[in-house]
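Chain by chain, the residues:
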Amino acid sequence: MISQERDSRLNLNEITNMCHLTISDSKESVAKKGSSLINRRKKPFTKSKVRLEDEQQQQVELDANGTLVNGTAFKGQRRIYNVVCLLGSGGFGDVYLMSDAKGFSYAMKTERVNETSKMRSRLKMEISVYQKVKEQKRTKPETVAHLLFMYDHGRTTDFRWFVMTFTGKSIEDKIKLGKISFRTAVRLSIETFEGITELHKLGFIHRDIKPANHVVGYEKKRCTVYLMDHGMASVFATDLKDVPEQSQYKFLGTMAYAPRASHLGKPQCRRDDLESWLYMCLEFFKLTNLAWSEEADPTECYKMKQQFFGNPRSFQMTRVPDCFFDFTAMLDKIGIIEEPDYEKFREPMRQLANGERLDFTEKFEWDGADDKKTRPKLRVAKTA
């Protein structure tokens, strides 16, 4: 259990403000996308049994809303994790701040197992992705430098859960703080590109690339941007015979950043992750919403994106480097099972970085002294 002394130092508002551990399709984000929303059911106080590998069973307490009671212990393969507090809730589960006996902090993500099959599949897919990341972290960590680490996972009678690296805020939160410099926009473009590339090398596509799904690390990792929230990920096809004519989803992703294939109900591929990435990068440089960001009609949004790809320079986008306009033609040439030539995207960005004399180990412009003073003192465990 967590000592009273340590508990007294943790301010819930401070923790919530400085970190961003998102849940796929929170109530707010789902509403914005116009997608269906499955509300969490309120449940009476109950107990749930954790299924451990050795078949022992552990009691965990849930309050009247089905939320884990602070102090609840979860036994993983190597350590016991205690619930410190709830960080966030959404339509598909909760995220908790966790701590172990040595005082290291983690994040735990949960998902209800007594809902629809689509909901159940999200955390299972995310765990599958993190299993692959975990294997690489222990053998070739440099190949997954922009992906987070999973420490443990399990299941109770009420939900699935996994414990992962504790992080800082999302890039969406950071850029809302104010205008970011051109050099930071270049840096974010490169860092987010590398995270997507690393995920592709593991055999997955993300299918929901956006600023909210990229986070900065915590404390010593504050200079690194991580790609997270893999609940909508999928294994990509490498043979045309495995590519269905239509996707099982009418629309998948977030309207402003979704690739055109999603608007057409087509299956997505590696190219489509990069298309979403391009939209995100345009916002980094442009400093304002994209022309189609406020468009609620998917058909009209698709038309605007198609117009942009047809003549990208006709759109008023100051500060956007020419190479990002050139990326549109490069993307349109990539086939559905074809591996993108990542180096062709990377090289012009590398030239921009050299021109700005970027140092990827230096602090981001938002990471000032005031931010450090208000940041709670948490110890984040190593990723192995």
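Every value quoted in this text rests on a predicted model; they were computed, and no experiment measured them. (Residues numbered from 1 in each chain as written. Predicted model: local features only at pLDDT ≥ 70, side-chain atom pairs only at ≥ 80, totals over all residues. Heavy atoms only, no water.)

Before we go on, may I ask you to explain the overall build of the protein chain in this structure?
Along the backbone of the protein chain there are 12 helices and 13 strands. Taking all 384 residues of the protein chain together, the buried fraction comes to 54%. For the protein chain, restricting intrachain contacts to residue pairs at least 6 apart in sequence, the fraction spanning at least 24 positions comes to 65%. Surface summary for the protein chain: the accessible area is close to 18,300 Å², and the carbon and sulfur share equals 48%. (Helix = DSSP H or I, 4+ residues; strand = E, 2+ residues; numbered from the N terminus. Buried < 20%, exposed > 50% of the residue type's maximum accessible area, 1.4 Å probe, protein only. Contact = heavy atoms within 4.5 Å. Areas by Shrake-Rupley, 256 points an atom, 1.4 Å probe, with all protein chains shown as cover.)

Please explain the pattern of salt bridges as it appears in this structure.
Between side chains of opposite charge, pairing is possible as soon as their charged atoms come close. Applying the stated criterion across every chain yields a total of 19 salt bridges. Two residues, E219 and R222, come together in a salt bridge whose shortest N-O distance is 3.2 Å. R222 gets classed as buried once you look at its relative accessible area, which sits at 17%. Linking R271 and D272 is a salt bridge whose minimum nitrogen-to-oxygen distance equals 3.6 Å. Here R271 matches D272 in class, with each residue buried. Through salt bridges that share partners, E194, E343, R346, E347 and R350 make up one connected network. (Salt bridge = Lys/Arg side-chain N within 4 Å of Asp/Glu carboxyl O.)

Would you take a moment to explain the packing of aromatic side chains for this structure?
Each aromatic ring pair is characterised by the separation of its centres together with the angle its planes make. Following the criterion strictly, the structure yields 23 aromatic pairs and no others. Consider the rings of F285 and F324, whose centres lie 5.1 Å apart with planes at 55°: the pair is tilted. Of this pair, F285 sits in helix α8 (residues 270-286) while F324 sits in helix α10 (residues 322-332); the two residues are 39 residues apart in sequence, bridging distant segments of the chain. Pair check on accessibility: F285 and F324 agree, each one buried. Counting every residue linked through ring pairs, the aromatic cluster contains F182, F193, W277, F285, F324, F327, Y342 and F345. Above the face of the F364 ring, R187 is positioned so that its terminal group lies 3.8 Å from the ring centre. In this arrangement the basic side chain of R260 is found over the ring face of F309, its NZ or CZ atom lying 3.6 Å from the centre. (Phe/Tyr/Trp six-rings, centres within 6.5 Å; stacked < 30°, edge-to-face > 60°. Lys NZ or Arg CZ within 6 Å of the ring centre and 35° of its normal.)

What's the story with the environment of T143 in this structure? I'm lost.
Inspection of the secondary structure assignment puts T143 in the loop between α4 (117-139) and β7 (150-155). Judged by relative accessible area, which is 30%, T143 ranks as partly exposed. Sequence separation between T143 and G195 is 52 residues; the distance between their C-alpha atoms is 9.5 Å.

Would you take a moment to explain the packing of helix α6 (residues 182-201) against helix α11 (residues 342-355) for this structure?
The axes of two packed helices give the description: the angle between them and the distance between them. Here α6 crosses α11 at 155°, and the two axes come no closer than 10 Å. On the basis of the axis angle, α6 is roughly antiparallel to α11. Here α6 and α11 pass one another in a crossing that is left-handed. For the pair α6 and α11, the contacting residues are F182, V186, S189, I190, F193, E194, T197, H200 and K201 in the first and Y342, F345, R346, M349, L352 and A353 in the second. A per-class count over the contact of α6 with α11 returns 9 nonpolar, 3 polar and 3 charged. (Axes fitted to C-alpha atoms, helices over the stretch in contact; angles between N-to-C directions. Parallel < 35°, antiparallel > 145°, perpendicular 65-115°, else oblique. Left-handed = near helix turned anticlockwise from the far one by under 90°. Nonpolar A, V, L, I, M, F, W, Y, C, P; charged D, E, K, R; others polar.)

Please explain unusual backbone geometry as it appears in this structure.
Leaving glycine out, the prevailing phi sign among residues is negative, and the prevailing peptide bond configuration is trans. With a phi angle near 75°, R319 is a residue other than glycine that sits in the positive phi range. Counting through the fold element by element, R319 comes out in the loop between α9 (298-310) and α10. With a relative accessible area of 27%, R319 lands in the partly exposed category. Phi is positive for R357, which is not a glycine, with a value near 50°. Inspection of the secondary structure puts R357 in the loop between α11 and α12 (369-374). Since its relative accessible area comes to 75%, R357 is described here as exposed.

Would you take a moment to explain α6 for this structure?
Three or four residues apart is the spacing at which side chains of an α-helix point the same way, because the helix has 3.6 residues per turn. Here α6 contains 20 residues, and its C-alpha end-to-end distance of 29 Å stays within 8% of the 28 Å for a straight helix at 1.5 Å per residue. A large share of α6 lies buried, amounting to 17 of its 20 residues. Count one or two residues on from α6 and you reach G203, which has phi positive near 100°. (Expected span 1.5 Å × (residues − 1).)

Please clarify how the pairing of strand β6 (residues 104-112) should be interpreted in this entry.
Every other side chain in a regular strand lies on the same face of the sheet, so the side chains alternate between the two faces. Buried residues dominate β6, accounting for 8 of its 9 residues. Direction of pairing for strand β5 (residues 93-99) relative to β6: antiparallel, over a ladder of 5 bridges. Paired with Y96 across the strands is M108, a residue of β6. For β6 and strand β13 (residues 379-380), the ladder comprises 2 bridges, and the chain directions are parallel. Each bridged residue has a counterpart across the sheet, and for F104 the counterpart in β13 is R379. Where β6 and strand β8 (residues 159-164) come together, 6 bridges link them in antiparallel fashion. (Pairing = 2+ DSSP bridges.)

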